[in-house]
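Overview (structure and organization)
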Amino acid sequence: MPEIKVTPLGAGQDVGRSCILVSIGGKNIMLDCGMHMGYNDDRRFPDFSYITQNGRLTDFLDCVIISHFHLDHCGALPFMSEMVGYDGPIYMTHPTKAICPILLEDFRKITVDKKGETNFFTSQMIKDCMKKVVPLNLHQTVQVDDELEIKAYYAGHVLGAAMVHIKVGSESVVYTGDYNMTPDRHLGAAWIDKCRPDILISESTYATTIRDSKRCRERDFLKKVHESIERGGKVLIPVFALGRAQELCILLETFWERMNLKAPIYFSTGLTEKANHYYKLFITWTNQKIRKTFVQRNMFEFKHIKAFDRSYADNPGPMVVFATPGMLHAGQSLQIFKKWAGNEKNMVIMPGYCVQGTIGHKILNGQRKLEMEGRSTLDVKLQVEYMSFSAHADAKGIMQLIRMAEPRNMLLVHGEAVKMEFLKGKIEQEFSIDCYMPANGETVTVTTNPSVPVDISLNLLKREMALGGPLPDPKKPRTMHGTLIMKENSLKLVSSEQALKELGLNEHQLRFTCRVQLQDPHSDTDTLHRIYTHLKSVLKGYTIQHLPDGTVMVESIVIKVSSSTEDPNTKVLLLSWSYQDEDLGSFLSTLLKKGLPSGLC
Amino acid sequence: MAAHLKKRVYEEFSKVVQIPHEEAPAKKLRLSKPSKSAALHIDLCKATNSTDALQYLLHFARKPVETESVEGVVRILLEHYYKETDNSVRLKIASLLGLLSKTQGFSPDCIVDDAINTLGNEKSHQVLAQLMDTLLVIGTQLPESPAVRQRLIEVACKHLSDTYFGVRNKCLQLLGCLGMVDTPLTKDNEGLGISLGGVRDVQSIISDYFGDQDPRVRTAALKAMLQLHERGMKIHEIIYDQACRLLSDDYEQVRSAAVQMVWVLSHLYPESIVPIPSSNEEIRLVDDAFGKISHMVSDGSWMVRVQAAKTLGSMLQVSPQFLEQTLDKKLMSDLRRKRTAHERAKELFTSGEFSSGRKWADDAPKEKLDTNTVNLIASGACGAFVHGLEDEMFEVRIAAVEALCQLARSSASFAEKCLDFLVDMFNDEIEEVRLQSIHVLREISTHITLREDQLDTVLAVLEDSSRDIREALHELICYTNVSTKECVQLALLELLKNLNKYPTDRNSVWKCLKFMGSRHPTLVLPLVPELLSTHPYFDTPEPDMDDPAYIAVLVLVFNAAKSCPTMPALFSDHTFRHYSYLRDSLSHLVPPLRLPGNGLDLVDSRCGLGSVESAQLFLQQSLNRVSTIQNLEAPGAQDLLDFTIRDLRRLGELQTELAGAADFCATYLRCQLLLMKALQDKLWNMAVPLCLKQNVTATAAAQQILEETYKLEFLYSGLDSRQVATIHHVRLQAKALQLILTARTRQGLDSLISSCEKFLQDIESFQRLFLTELPHLQDSFVDKLLELMPRLSSCKPVELVKILQTTLRQSGLLQLRLPEQIHRATATIIEPTGESDNPLRFTTGLVVALDIDATLEHVQDPQNNVKVQVLYPDGQSHVIHPKPGDFRKPGPDRHRLITQVYLSHTAWTEPSQIEVRLLLAYSSSSTSLSSPSKLGWSDSIDSLPTPETAVEGTIPFSKPVKVYIMPKPARR
């Protein structure tokens, strides 16, 4: 039986370093090629030696597909393609292709220039790597080679995030990447058609969470910002440059527009500006509202949001500032925080998760006195708010996607083992399908039951149609007679006559004969006649002939009667039929074995 | 193939259109009736190839065919049909047959047999499908012959086994439109090869095709079933299971139709019991259906989602626990139960602490969940609306909001629950959705009392820059109940903020506070000292009376004081003064108060109980008094009319409920008075040349009466035909007067003859229009004229004028019956106010936009009738027709016009004023009395000529507003 094998090199029962190998129909595909944020050593990248010890990956991989531009999904890409060596195609969507190099370059700068690492990929390598990328469009079926085809679906999450449907013959796998089933201010919801893949590989970051309505969170956020502004306070929102930042910008921008507010909003520059430019371009990847209104006004051309300058932080009056990085551990956001922390009118809003040890984490836990470098302490008087904006599907969303795609098997990655365990149980219970959750390096093998396409000759089909009922019913299997010819990798179903002709064989007749003994006191001819009338009464709708040469023909079955030599009362019936009439023949023999009813004349 | 064919047909079609000279002979053809079919025949015979034939047919299809010649045409077409080999031509003929059988007055039963026969040896599937369509048309044209229907149904059943989906579709459609549930069908066994045998009814035949391989056929089957339902047949309950299975079909149009089907069945058998699969429990069918449709709210296709969300709204029989599940979304975080933000808000509210939200783990999960009880895909209605309201497509969100509204109106407890969700929708990104949810909240506001935190969220929207949103919100606040005095204070504060930010909202905010005050008098009472900033010991400075914010506060307080007699004791002296001022200037906002002492007895005498009845009585009495006028001498009668008119006008001012009626009567009486004066002038006894001056006044009077009658007819709503007849009667009198006056001026006989003829026509049309009312008009002018009619129509103009003169002078006043409910259409221009001294400057040759904001009351069909007139000082006037979208309907009989008019003019030397006013356009042909125009099946080029009695004109019905403008010469 054919099999599909899935081996996570990263993201198996873990978050980060997404890299999944899939072997399907003799093709090997790598899904995502990410890095792990938690490590700074070799564990940072997936273990490519699993694929090959030495030599280039090109011989072992047919293609690489990147789902979106987050570094835990594409961070290891230049390392793999340039340093390990891979020359095959890399597939990603247009926005991902545009934004990915910006992030990779930023990542490189931090590791090499700031941390001083050597033996890391260079800017040139990023450029070379990007040259190997083949862009994908949504719902466009791309033929990687003659047999392997891939198709991208919208995934929400971030701009350009895609789910991919990989198909070889009739076997298929869907990989979701990261996705979001609830639309937000700038992106729509993930959507897939009923493609019924053999395996659905889904992320499960929020496997055990069902989230509250998005609107409450948005409303709270806006209300807090608004109140603070009205009080004359300054609001600091530490964000990471891409993704949520844009959503929050749109949220505030539209709110400012609606409420006619005048207070300035600033966005600390950097790579954001470049990225915002791409957001403006890829309007088709955004949600309904932005798509519909961009003709009048592109929502990403912010009217109220301006670039931030260091000196603005000391300006009097209310303002809102978005600053990087998101966890207040360094950089501009920390500088502004230090300036504003002393005034209770000001506010800081943390829109996401903060790692332990960062200032963000400390203030969220209610610490009011912070020790800064140089033994100084900082009194935190400003208000600290937490507001979670996350763009992963929650448990309900995952279930909804499964319902949409109707897979035969489920495979969970990109999540914690304990949480997966729970979701796995739920999936098996609700959908009664198998669910797997392999660890890194562990291989899952799923046997498939692919349908084998066979050409059928039109004549045969028409003949069968004429025989059968009014309409072919696709839901019910039907048996038909024909000859299967396997010739040069192709299968053909033809009628037996044609097969004989094609193969140059003579037709052999195969006949079954059978003797049935019957107790009947009448003469041979009378018995024959009695048999004739009996059959006539039983088999309505068949042609039954009484031939002058002393035989009865039922369709093509011949029945002869002769008296037994020992006992004239025992008649021996000779039945003969060709193998095509097997059904009818065996029916007749059993019927005649029962004897003739006495009431016949 | 079908697309290709269609394309070809269109190509041909466009070719034909480009030959204009073909039109002329077509007209001729139409006039000479018998040649119609012959012409077609010749055309078709001439056609050498199929393309030509198709051209002729296409051309032919664009002309109507007379009822008499239809059959002949059909015969020719059929004859040609049999000869034709080309599929597209046969297809066109088939479709023509269908079109022709729709001709009014033609009974297609004579062609049924022929049409069925053509089916027999047709090979092309497309043509077959078209023929089935034709049969469907024929069948629907013959609702009274069951035999034909039976035959058609049998034919349809036979062709159901066709391999082409189009044919099956049409057959199913035919079964749906014509199938009868009471007469069972014998299914044609040979045709289908399934020996099901025996009697089957239409429903089971149709339901067989629920499992067809083609999704289009499945959809058609569901639609046919729905069609059966629409025709009043009871769908069997067994269909329910099949329909439910189709809910998970691969194709969206099937799912969409299945949702409808399930919905229909849930209405037919709400109380039936259905088992829940994989358990022993059973639930009501309507609950089951509700659960299943709720499930579809998270479908993959947004069309289905819209359909499902819409449908949910009308399932009112569903049990409350299922209904409330739709808003339920159990939150979970790391397998611990989490409270929703709504629950948290509620808790904070009850614990008396306002939302801090300062702690990170504020929403930290509490209790540990049992993993087995968490149901991720809720089987049932779970969270349907939560999903629907968060949907990506705003169409779905709107549908969900509407459904919430419908369900909430029928269930108070559900209304309470969905409140939080609706309030959340105020923050939607699409304005339409926000607006819709505000409207919905208003509609269900009778059920609910807002909590402080909810009110806070609602009021936050007051700062919205969209005027529609703000006004909708004001309307909402008018109807809202709040629970505490803090809420009232909060609302007032926010409204004042709103007023400050958007001064144009003044009226709306005041109105809002009026309702707020009268709704919550006891909550306002403790706030009064603070609101009016009075102090127990010290006198506070008197606030500025012109401050809109202060007026707003006063409006709130005075309205609360109306039902709270202890409140006025808290007022300071200037408050009383301000009250009397506001009572006069803003009487619609400030109610009459019974104020004690202080020498200011402001007790309003007009507001006693039963004042409306007494006013009504007075009105009736005045009219009765007028009816005695016949017995009075001329000067006395005129005085009586004068006084009555004066009384009525005053009554209208005092009693707003009767304003319409009083005004109507007064205007009518004024017409009578004018007529009387004109007739009793001495001029009639004098020689013509001597009384030229009087003649002029009489002519003016006649003209004025005519104008007044148009006002009477079109400005007032709620008239019945009796009053209309009376009005027309006065108009006729005025016309008679005009005629007499023209006769006296002797301007030549020709014009006199023609105006006499016109007058006679008027009488005739009057008689025609008000045939039913004639008995009520006994002894009137018309009555007498009609008696003399034979003589009138034969005599000479001079004689006619004489007769008219005597009848007119003899005829008395026609008694006006008081109409039941009568309203005068009014319009008030709110903006521009006309107070500005700053001229609107613009460059000549360019345009300037002037914002106009007006309220219209009791105007019917304002989109068509209301126009804006701009009068420039040089006498130039422009009439602007506002876009239909500029009219909003805030309440019954009320409209709001918010539009922009563009002004332009050549350069002036100094600023000057233009006048802006609203006009009500009327045309007598648009009244219900004229016959509705009827359109044929083909062209509407030669529509009916407008009736000769049609009069069009405009009535100004708003006070003109002056706007100061200054077109500057363009700078070079």
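This one's a predicted model, so the numbers in the text were calculated from it and none came from an experiment.

Our next topic: the overall build of chain A. Helix and strand counts for chain A come out as 16 helices and 30 strands. Relative to the globule expectation of 25 Å for 601 residues, the C-alpha radius of gyration of chain A, 37 Å, shows a markedly less compact shape. Expressed along its principal axes, the backbone C-alpha trace of chain A runs to roughly 125 × 55 × 45 Å. In chain A, which comprises 601 residues, the share counted as buried stands at 54%.

A tally of helices and strands in chain B yields 40 helices and 20 strands. Split into buried and exposed, the 972 residues of chain B put 50% on the buried side. Excluding contacts between residues fewer than 6 apart, the proportion of contacts in chain B whose partners are at least 24 apart in sequence is 73%. For chain B, the exposed surface amounts to about 46,600 Å²; the carbon and sulfur share of it is 52%.

Counting 189 residues, the largest nonpolar core has B:L135, B:I206 and B:L441 as its most contacted members. With near-sequence residues (within four places) excluded, B:L441 lies in contact with B:L419, B:L422, B:V423, B:F426, B:I448, B:V458 and B:L476. If you look at the next biggest cluster of nonpolar residues, it comprises 132 residues, including A:A98, A:L104, A:L411 and A:L423.

The next thing to look at is the sheet that holds strand 28 (residues 551–554) of chain A. Residues and elements named next belong to chain A. With antiparallel pairing, the five strands of this open sheet are ordered in space as 26-30-29-28-27. Edge positions in the sheet fall to strand 26 (511–519) and strand 27 (544–547), since each has one partner strand and no second. Across this sheet, the average inter-strand angle for adjacent strands is 20°, counted without regard to direction. Direction of pairing for strand 27 relative to strand 28: antiparallel, over a ladder of four bridges. Paired with Q545 across the strands is M553, a residue of strand 28. Of the strands in this sheet, strand 26, strand 27, strand 28, strand 29 (557–563) and strand 30 (570–578) touch helix 15 (residues 524–538), which is tilted by about 145° from strand 29. Contacting strand 26, strand 28, strand 29 and strand 30, helix 16 (residues 582–593) crosses the sheet at an angle of about 170° to strand 30.

In the numbering used here, UniProt assigns the "domain: Metallo-beta-lactamase" (unreviewed entry) feature to residues 16–229 of chain A. From the first C-alpha to the last, residues 16–229 of chain A spans 38 Å; its make-up is 28% helix and 23% strand.

Moving on, we get to unusual backbone geometry. For residues other than glycine, phi is negative in most cases, and the peptide bonds are mostly trans. Residue and element names in this part refer to chain A. In this model, Q13 sits at a positive phi of 50°, which is unusual for a non-glycine residue. Residue position: Q13 is located in the loop between strand 1 (3–10) and strand 2 (19–24). Its relative accessible area of 28% is what places Q13 among the partly exposed residues. In this structure, S432 is a non-glycine residue whose phi angle is positive, near 45°. When you line up the elements, S432 lands in the loop between helix 12 (417–431) and strand 21 (434–436).

Residues and elements named next belong to chain A. Among the six residues that make up strand 2, five are buried, leaving the element largely enclosed by the rest of the structure. Bridge analysis of strand 1 against strand 2 gives six bridges, and the strand direction is antiparallel. Considered in strand 2, the bridge of P8 is made with I20. Summarising the sheet, strand 2 and strand 3 (residues 27–31) pair through five bridges and their orientation is antiparallel. Across the sheet, residue S23 finds its bridge partner in strand 3, namely N28.

All names here are of chain A. A cluster of nonpolar side chains, contributed by I456, L458, L461, M465 and M480, occupies part of the molecular surface with about 400 Å² of accessible area. At three residues, the largest contribution of residues to the nonpolar patch is made by helix 13 (residues 458–467). Among the secondary structure elements, M480 is positioned in the loop between helix 13 and strand 24 (483–487). Given the relative accessible area of 31%, M480 is considered partly exposed.

Before going further, it helps to spend a moment on the pattern of salt bridges. For the structure on display, the rule yields 66 salt bridges over all chains. When the shortest N-O distance is used, the salt bridge between B:K497 and A:E230 registers 3.4 Å. On the criterion of chain membership, the pair formed by B:K497 in helix 26 (residues 485–501) and A:E230 in helix 5 (residues 214–231) is interchain, its members lying in two chains. With its nearest N and O atoms 3.9 Å apart, the salt bridge here joins B:R649 to B:D663.

Per-residue confidence for chain A gives a mean pLDDT of 85; residues scoring 70 or more make up 97%. When mean pLDDT is compared element by element in chain A, strand 5 (residues 90–93) of chain A scores highest at 95, while helix 7 (residues 271–281) of chain A scores lowest at 78.

Okay, the confidence of the model for chain B next. Residue and element names in this part refer to chain B. Per-residue pLDDT for chain B has a mean of 77; in total, 81% of the residues score no lower than 70. Looking over chain B, one finds the lowest element-wise mean pLDDT in helix 11 (residues 189–192), namely 38, and the highest in helix 15 (residues 252–268), namely 93. Within the model, pLDDT remains below 50 along residues 348–366, and this stretch shows 33 contacts once partners closer than five positions in the same chain are excluded. Prediction confidence for the complex, expressed as pTM and ipTM, is 0.74 and 0.79 respectively.

All names here are of chain A. Taken together, the three strands give an open sheet; going across it, the order is 23-25-24, and neighbouring strands pair in mixed fashion. In this open sheet, the two strands that pair with only one neighbour each are strand 23 (455–456) and strand 24. For strand 23 and strand 25 (residues 490–494), the ladder comprises two bridges, and the chain directions are parallel. Across the sheet, residue D455 finds its bridge partner in strand 25, namely K492. Those strands touched by helix 14 (residues 496–503) are strand 24 and strand 25, and its axis lies near 35° from that of strand 24.

For the rest of this paragraph, the subject is the pairing of strand 8 (residues 148–154) of chain A. Residue and element names in this part refer to chain A. Of all seven residues making up strand 8, five are buried, and the element is well covered by its neighbours. Examined bridge by bridge, strand 7 (residues 141–143) and strand 8 share three bridges and lie antiparallel to one another. Among the inter-strand pairings, T141 is bridged to a residue of strand 8, identified as K151. Counting the residues in the hairpin turn of strand 7 and strand 8 gives four residues.

So, how was this worked out
Residues numbered from 1 in each chain as written. Chains lettered and ligands numbered in written order. Predicted model: local features only at pLDDT ≥ 70, side-chain atom pairs only at ≥ 80, totals over all residues. Heavy atoms only, no water. Helix = DSSP H or I, 4+ residues; strand = E, 2+ residues; numbered from the N terminus. Rg over C-alpha atoms; globule rule 2.2 N^0.38 Å. Buried < 20%, exposed > 50% of the residue type's maximum accessible area, 1.4 Å probe, protein only. Contact = heavy atoms within 4.5 Å. Areas by Shrake-Rupley, 256 points an atom, 1.4 Å probe, with all protein chains shown as cover. Core = buried A, V, L, I, M, F, W, Y, C linked by side-chain atoms within 4.5 Å. Pairing = 2+ DSSP bridges. Axes fitted to C-alpha atoms, helices over the stretch in contact; angles between N-to-C directions. UniProt positions renumbered as here; feature names shortened; annotations may be inferred. Patch = residues over 30% accessible without salt bridge, like charges linked within 9 Å, V, L, I, M, F, W, Y side chains within 5 Å. Salt bridge = Lys/Arg side-chain N within 4 Å of Asp/Glu carboxyl O. pLDDT = per-residue confidence, 0-100.

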